[in-house]
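Here is what each chain is made of, one letter per residue.
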Amino acid sequence: MSQLPRHDGRLVTTSRRLIAEGVDRAVIAREVKEGRWRRAGLAIVMHNGPLSPMQRRWVARIHAGPQSVFTAFTAAELCGLTGWERDEVHVLAPAGTRMRAGCPVPAVLHLHAPGSIRRHPNRGVEALPDALVRAAATFVRPRPACGLLAAAVQQRAVRSPDIIAALERASRTRHQARLAGRDG
């Protein structure tokens, strides 16, 4: 698997993390008050310009909690799949998690059972085959779901045996039989 691109998401954090790194609360308040930094819900953006795509993703991930990872279409995009991008940020968090209020970025929260997540080598992203199956399950009809998986194989983002294995792990996935090629 390819490494994920370096990003400017490091400019998005939380007050709690800044304080843990030794930044005084008064400094955070002053930077925000003077307009050099800004709040994006629970997130602190350490600049005052527009959010980059990666910064938007990090804002959503902060609102999904510290155990969340990128999944579905967002993970696919981060792993190099093109043509299936979405405005919403897809994040995966443990069952029972709720998106924290005030997230200024459109986000879709997916939930998983404890211990069931497989991660991409970059720990902040779900393993691509599992993320693709999760994304495919969001389609109402099976045809675009199949198209997504086919595109991922054609673009060499993932191997078809890895998708089959992910489908077997996710036996209750919408369109599962069609995606696995077992239903006309």
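Residues numbered from 1 in each chain as written. Predicted model: local features only at pLDDT ≥ 70, side-chain atom pairs only at ≥ 80, totals over all residues. Heavy atoms only, no water.

**Some remarks on the layout of surface pockets**
Where empty space is left becomes clear once a probe the size of a water molecule has been rolled over the atoms. Empty space within the largest pocket amounts to approximately 380 Å³. Around the largest pocket, the lining is made up of 17 residues, and of these Glu126, Arg134, Arg169, Ala170 and Thr173 lie nearest the centre. Taken together, the elements giving at least two residues each to the lining of the largest pocket come down to β6 (107-112), α5 (128-136) and α7 (160-169). Per-element accounting of the lining of the largest pocket gives the leading share, three residues, to α5. Grouping the constituent residues of the lining of the largest pocket by class yields six nonpolar, five polar and six charged. Taken as a whole, the second largest pocket spans an internal volume of roughly 300 Å³. Lining the second largest pocket are Thr14, Arg16, Arg17, Leu42, Trp58, Arg61, Ile62, Gly65, Pro66, Ser68 and Arg100. Mapped by element, the contributors of at least two residues to the lining of the second largest pocket are α1 (15-20) and α3 (53-64). Top contributing element to the lining of the second largest pocket by residue count: α3, with three residues. A per-class count over the lining of the second largest pocket returns four nonpolar, three polar and four charged. (1 Å grid on protein atoms, 1.4 Å probe; cavity = no way out; pocket = protein on both sides within 12 Å on 5 of 7 lines; lining within 4 Å. Points joined across faces, edges and corners; volume = space filled by probe spheres on them. Helix = DSSP H or I, 4+ residues; strand = E, 2+ residues; numbered from the N terminus. Nonpolar A, V, L, I, M, F, W, Y, C, P; charged D, E, K, R; others polar.)

**Quick notes on the nonpolar core**
By size, the foremost hydrophobic cluster in this structure holds 40 residues, and its most contacted members are Val12, Phe70, Phe73, Leu81, Trp84, Leu132 and Leu148. Only β3 (43-45), α3, α4 (72-78), β5 (89-94), α5, α6 (142-154) and α7 provide two or more residues apiece to this core. Setting aside residues up to four positions removed in sequence, Leu148 forms contacts with Phe73, Leu81, Trp84, Leu132, Ala135, Ala136 and Phe139. (Core = buried A, V, L, I, M, F, W, Y, C linked by side-chain atoms within 4.5 Å. Buried < 20%, exposed > 50% of the residue type's maximum accessible area, 1.4 Å probe, protein only. Contact = heavy atoms within 4.5 Å.)

**Considerations on the side chain of Thr13**
Residue position: Thr13 is located in strand β1 (residues 12-14). If we skip the residues at most four places from it in the chain, Thr13 touches Leu18, Leu42, Ala43, Ile44, Met46 and Ile62.

As far as function goes, none of this settles anything; it's purely spatial.
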